[in-house]
Amino acid sequence: MDGENDNFHELLIGIDSQVDILDGRKVRSVNFDNAATTPPFKSVVENIINSSDYYGSIGRGMGQKAEITTQIYNQTRTYLLDFFNIKEKNKYIVVYVNNTTDGINKLARTLIHHRNEVVISTRMEHHSNDLPWRRQCNVDYIEVDNYGRLKTNELEKKLIHHKGKVKYVTITGASNVSGYMNDIHQIAKIVHKYNAKIIVDGAQLVPHVKIDIEGKCEEESIDFLVFSGHKLYAPFGGGVIIGLREVFDKNLPDNEGGGTVNLVMDKKVEYLMSPERTEAGTPNFFGTISIARALKQLNEIGFDNIHNNEIKLLDRLLDGLKVIPKVINYGDINNIEDRLGIGVFNIDSLYHQDVAQILAQKYGISVRQGWFCAHPYCRRLMNLSEKSNRTFIHKNNGKSPGMVRVSFGIYNDEREVDYFLNAIESIVHGPY
């Protein structure tokens, strides 16, 4: 492997696993599906094992183990506030959830009170930052251009159009399909100008870019950030909302039960203050400490190193795909400064699922195929109408349009990219 990435290999579990392929051989697996789930850091697993000796109930016992567990759990909140460079510690709280999807659903249920309220979102979103809002209120969408980039000039027009009725704008920090990163701080300035608040789906962004939640000034600050552990090398089931304390405190919790109340009387309930009132039931202690440890590891690696490696690999990937006949690339493949290490493509006349299957079964390469839980966005990238998409699903043997996605992690290297490109060239020229 590349010398630059050998040390990253030492940090992770399962990177050099062998898998069976069709000809009966075992080959080293190549994982290019990191936008979905990443392998675990060794330090995360070791931390879980070491902490297991002192595992106890959080906030509900006077025994030594319960006290140790509670102390560690609360320390992770402080660490996350520091990690995201939050100086006004009393302004924000850390709320633990199951994953980004769970966190955004929690926000939608907590923040929206009436069906006629308006939230602005975008056509770039993962379903998890779209469907929860559709269920709770009216959603207005910012469109994307022909390359799939967000038309940010539409945001202010929509805020003006709705005449102060918009309280929240929810937007992805980076697309899980194209890898485009949105300028969340510039968008925050526009949102705050019209007295609304910004929610950022950080599932794809947090593992790759160091986010300063407060920005350079109050107008640039992010009001709510949501992300998952399983995309940042912490696969023990956990997610995070970092958000404004005052907003949580003035709203009723979306779930109720143990741990959320100060006093329950026959006909009256007194809730605790946030964040405790927002975390019903026994918390996911291991998921929580895994996220904190993984972020610490990423910080030690350095986000500049992560970004530089991704851009190098993406540039090599796209340069290779450009010259292979029959390959159809999506998004802007020439100006990639605002992209994470994600590329999406098709091979003309081959079904995307078949391409992914050949890569896995013949070459041991894992990619993702389909529309990546972002159907409206993918349909726009592929320039398909809703009618044609419906026809594909219902009249074309259940086959849906889609693409093949390559997404890099910190451990991927140029040799893997070259191996992948050779595989694609072989598939194009056949037989495969």
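In case you missed it, the structure is sitting above this.
The shown structure was predicted, so the numbers you read here are calculated from the model rather than taken from an experiment.

Caption draft 1: Structural context of the pairing of strand E8 (residues 197–201). For E8, a buried count of 4 out of 5 residues is recorded, marking the element as mostly surrounded by other parts of the structure. The pairing of strand E7 (residues 166–172) with E8 spans 5 bridges and is parallel. For Tyr-168, the partnering residue across the bridge sits in E8 and is Lys-197. Taken together, E7, helix H7 (residues 184–193) and E8 form a β-α-β motif whose crossover is right-handed. In the sheet, E8 pairs with strand E9 (residues 224–228) via 3 bridges, with the strands oriented parallel.

Caption draft 2: Region of interest: the nonpolar core. Formed by 91 residues in total, the largest nonpolar core has its most connected members in Phe-84, Phe-224, Phe-227, Ile-242, Leu-295, Met-403 and Ile-410. For this core, the leading source of residues is helix H9 (residues 285–301), giving 7 residues. Built from parts of two domains, this core gets at least three residues from each of domain 1 (4–31 + 302–429) and domain 2 (43–300).

Caption draft 3: The sheet that holds E7, seen in detail. Spatially, the 7 strands line up as an open sheet ordered E4-E10-E9-E8-E7-E5-E6, and their pairing is mixed. If you trace the sheet from one side to the other, it starts and ends with strand E4 (92–97) and strand E6 (138–142), each paired once. If you compare each strand with its neighbour and ignore which way they point, the axes differ by 20° on average. Across 3 bridges, strand E5 (residues 118–122) lies against E7 in parallel orientation. The residue bridging Val-118 from the neighbouring strand is Val-166, located in E7. Sheet strands in contact with H7 are E7 and E8, and its direction is about 155° off that of E8.

Caption draft 4: The packing of aromatic side chains, seen in detail. The final tally for this structure, using the stated rule, is 15 aromatic pairs. Their ring planes at 80° and their centres at 4.9 Å tell us that Phe-83 and Phe-84 sit as a pair that is edge-to-face. Note on Phe-83: relative accessible area 4%, which makes it buried. With centroids separated by 6.3 Å and ring planes inclined at 75°, the aromatic side chains of Tyr-363 and Tyr-419 adopt a geometry described as edge-to-face. Of this pair, Tyr-363 sits in helix H11 (residues 352–363) while Tyr-419 sits in helix H14 (residues 414–429); the two residues are 56 residues apart in sequence, bridging distant segments of the chain.

Caption draft 5: Examining the layout of surface pockets more closely. Taken as a whole, the largest pocket encloses approximately 330 Å³ of empty space. Around the largest pocket sit 22 residues that line it, and Ala-35, His-126, Asn-176, Gln-204 and Lys-231 are the ones nearest its centre. Partitioning the lining of the largest pocket into residue classes produces 7 nonpolar, 11 polar and 4 charged. Mapping the lining of the largest pocket onto the domain boundaries places at least three of its residues in each of domain 1 (4–31 + 302–429) and domain 2 (43–300).

Caption draft 6: Just the sheet that holds strand E14 (residues 342–347), in detail. Here 4 strands make up an open sheet; going across it, the order is E13-E14-E17-E16 and the pairing antiparallel. Where the open sheet ends on each side, the last strands, each with one partner, are strand E13 (327–329) and strand E16 (368–370). Strand after strand, the sheet turns through a mean of 30° between neighbouring axes, direction not considered. Where E13 lies against E14, 3 bridges are found, and the strand directions are antiparallel. By the bridge assignment, Ile-328 is partnered in E14 with Asn-346. Contacts from helix H10 (residues 303–322) reach E13, E14 and strand E17 (403–407) within the one sheet, and its direction differs from that of E14 by about 15°. Sitting on the sheet, H11 touches E14, E16 and E17, and the angle it makes with E16 is about 165°.

Caption draft 7: Quick peek at the packing of H10 against H14. H14 packs onto H10 with a crossing angle of 20° between their chain directions and a minimal axis gap of 10 Å. Overall, the two elements H10 and H14 adopt an arrangement that is roughly parallel. For the pair H10 and H14, the sense of crossing is right-handed. Together, Lys-312, Leu-313, Arg-316, Leu-317, Gly-320 and Leu-321 of H10 and Glu-414, Val-417, Asp-418, Phe-420, Leu-421 and Ile-424 of H14 make up the contact between the two elements. Of the residues in the contact of H10 with H14, the class split is 7 nonpolar, 1 polar and 4 charged.

About the cut-offs
Residues numbered from 1 in each chain as written. Predicted model: local features only at pLDDT ≥ 70, side-chain atom pairs only at ≥ 80, totals over all residues. Heavy atoms only, no water. Buried < 20%, exposed > 50% of the residue type's maximum accessible area, 1.4 Å probe, protein only. Helix = DSSP H or I, 4+ residues; strand = E, 2+ residues; numbered from the N terminus. Pairing = 2+ DSSP bridges. Right-handed = clockwise from strand over helix to strand, strands pointing away. Core = buried A, V, L, I, M, F, W, Y, C linked by side-chain atoms within 4.5 Å. Domains from an automatic or database assignment. Axes fitted to C-alpha atoms, helices over the stretch in contact; angles between N-to-C directions. Contact = heavy atoms within 4.5 Å. Phe/Tyr/Trp six-rings, centres within 6.5 Å; stacked < 30°, edge-to-face > 60°. 1 Å grid on protein atoms, 1.4 Å probe; cavity = no way out; pocket = protein on both sides within 12 Å on 5 of 7 lines; lining within 4 Å. Points joined across faces, edges and corners; volume = space filled by probe spheres on them. Nonpolar A, V, L, I, M, F, W, Y, C, P; charged D, E, K, R; others polar. Parallel < 35°, antiparallel > 145°, perpendicular 65-115°, else oblique. Left-handed = near helix turned anticlockwise from the far one by under 90°.

Keep in mind these numbers describe shape, not what the thing actually does.
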